[in-house]
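Here is what each chain is made of, one letter per residue.
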Amino acid sequence: MTREPYGGRSAVRRPASIKDVAAAAGVSPTTVSHVLSGNRPVNEETAARVRGVVNRLGYVPASLARSLQAGSTSVIGLLIPDISNTFFAELAKGAEDAAHDLGYGLILCNTEFDADREDRYLGMIRSRFIDGMVYASGSAPSRRRLEALMGKFPIALADEEVEGLEGALIASADHEAGGRLVGEHLRELGHHRALMLTGPRALRSGVARAQGFVRAFRGDVVEREGDFKEASGHRLVARLLEEGGFDRTAVFAANDLMAFGALTALREAGLSVPRDVSVVGFDDIRAASLAHPPLTTVHQPAYDVGRTATAQLLQYVTRGEVPPASRHTLPVTLKVRGSTAPPTP
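Since this is a predicted model, take the numbers as computed values, not measurements.

Here is what the cut-offs are and how they apply
Residues numbered from 1 in each chain as written. Predicted model: local features only at pLDDT ≥ 70, side-chain atom pairs only at ≥ 80, totals over all residues. Heavy atoms only, no water. Helix = DSSP H or I, 4+ residues; strand = E, 2+ residues; numbered from the N terminus. Buried < 20%, exposed > 50% of the residue type's maximum accessible area, 1.4 Å probe, protein only. Contact = heavy atoms within 4.5 Å. Areas by Shrake-Rupley, 256 points an atom, 1.4 Å probe, with all protein chains shown as cover. Axes fitted to C-alpha atoms, helices over the stretch in contact; angles between N-to-C directions. Left-handed = near helix turned anticlockwise from the far one by under 90°. Nonpolar A, V, L, I, M, F, W, Y, C, P; charged D, E, K, R; others polar. Pairing = 2+ DSSP bridges.

## Brief notes about the overall build of the protein chain
- When helices and strands are tallied, the protein chain shows twelve helices and twelve strands.
- Going through the 345 residues of the protein chain one by one, you find that 50% of them count as buried.
- Considering only intrachain contacts with a sequence separation of at least 6, the fraction spanning at least 24 residues in the protein chain is 75%.
- Of the roughly 15,500 Å² of accessible surface on the protein chain, 49% is carried by carbon and sulfur atoms.

Pasting the structure below:
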């Protein structure tokens, strides 16, 4: 896909004025100002109407409009799926630190793994009132949506890939190597039957983790698809336990939150970890070492992924250039803790 350099910022459409927003919403400019600043309370119904008009008309404050006319906003966007997951919080911290070092601000969009919510954020971002975007969303991404945005500003993919998307910067941990480390660890402990709780199969990161695990484990693997949330790990393991005949000696969850859900389900069924079943996660979020028992997991450098993706992006943003496609793969390590042990004879 051929794209023109990002040099035509002077052609950015001038945003609507605060008076336009007030007239369309049927309120005064002062009320619009209060809604946007949050300095004064405004009736929620009125505030919602004003925000809707702001989004529809593409209104931005005059200070930002002046920056646009000057050729840059010095702001980039970051899309993440779950700010409550400390992995993404660390990734966001790395992104913000890299942006701050170069004098850029960062707008955080939390999608909650919701494709519709992501669509709304991308619709707002499409207005070009940012200089670039770091995409770390956990929903099944749309290549066409991102391609359309790549014609407007540079995009870096953090910890995730998009099938068929050309020309993006990618900064990611080595997901397949992480899965391989888990498979080798469990095989060396003597496990031959494992349950693999995958992430959404539409996401390349989860697929790579599962592929690396299956190839290295070389045993009997049953796969169940989760959604990277703790509830899905609990639900999938509880369902297998309820069906009877649970003969797995190990569970590998594609992230730590699903591993926590699996730990809870196993404990509720009266099984002991790791005496009866070993459990392994992926991410090494802060709570992993505090779990009971402490969770064996793959450590991926969330902060470094966010920082690397953002730093690479801003190299080109600051020069107004179209970045060439590139990939930065960061190494992972296995943190062996108390949740894994040889299977009971």
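## Re the packing of helix α10 (residues 230-243) against helix α11 (residues 256-268)
- At a minimum axis separation of 6 Å, α10 and α11 run at an interaxial angle of 35°. Both α10 and α11 take part in a crossing whose hand is right-handed. For the pair α10 and α11, contact is made by E230, S232, G233, H234, V237, A238 and L241 and by L257, M258, F260, G261, A262, T264, A265, L266 and E268, respectively.
- Looking at side-chain class alone, the contact of α10 with α11 contains nine nonpolar, five polar and two charged residues.

## Concerning the sheet that holds strand β5 (residues 169-173)
- Sheet architecture is open: six strands sit in the order β2-β1-β3-β4-β5-β11, paired in parallel fashion. The strands lining the two open edges of the sheet, one partner per strand, are β2 (105-110) and β11 (326-330). The average angle at which neighbouring strand axes cross in this sheet is 15°, direction not considered.
- Both strand β1 (residues 75-80) and strand β3 (residues 132-135) contribute to a ladder of four bridges, which runs parallel. For L79, the partnering residue across the bridge sits in β3 and is Y135.
- Those strands touched by helix α6 (residues 115-125) are β1, β2 and β3, and its axis lies near 150° from that of β2.

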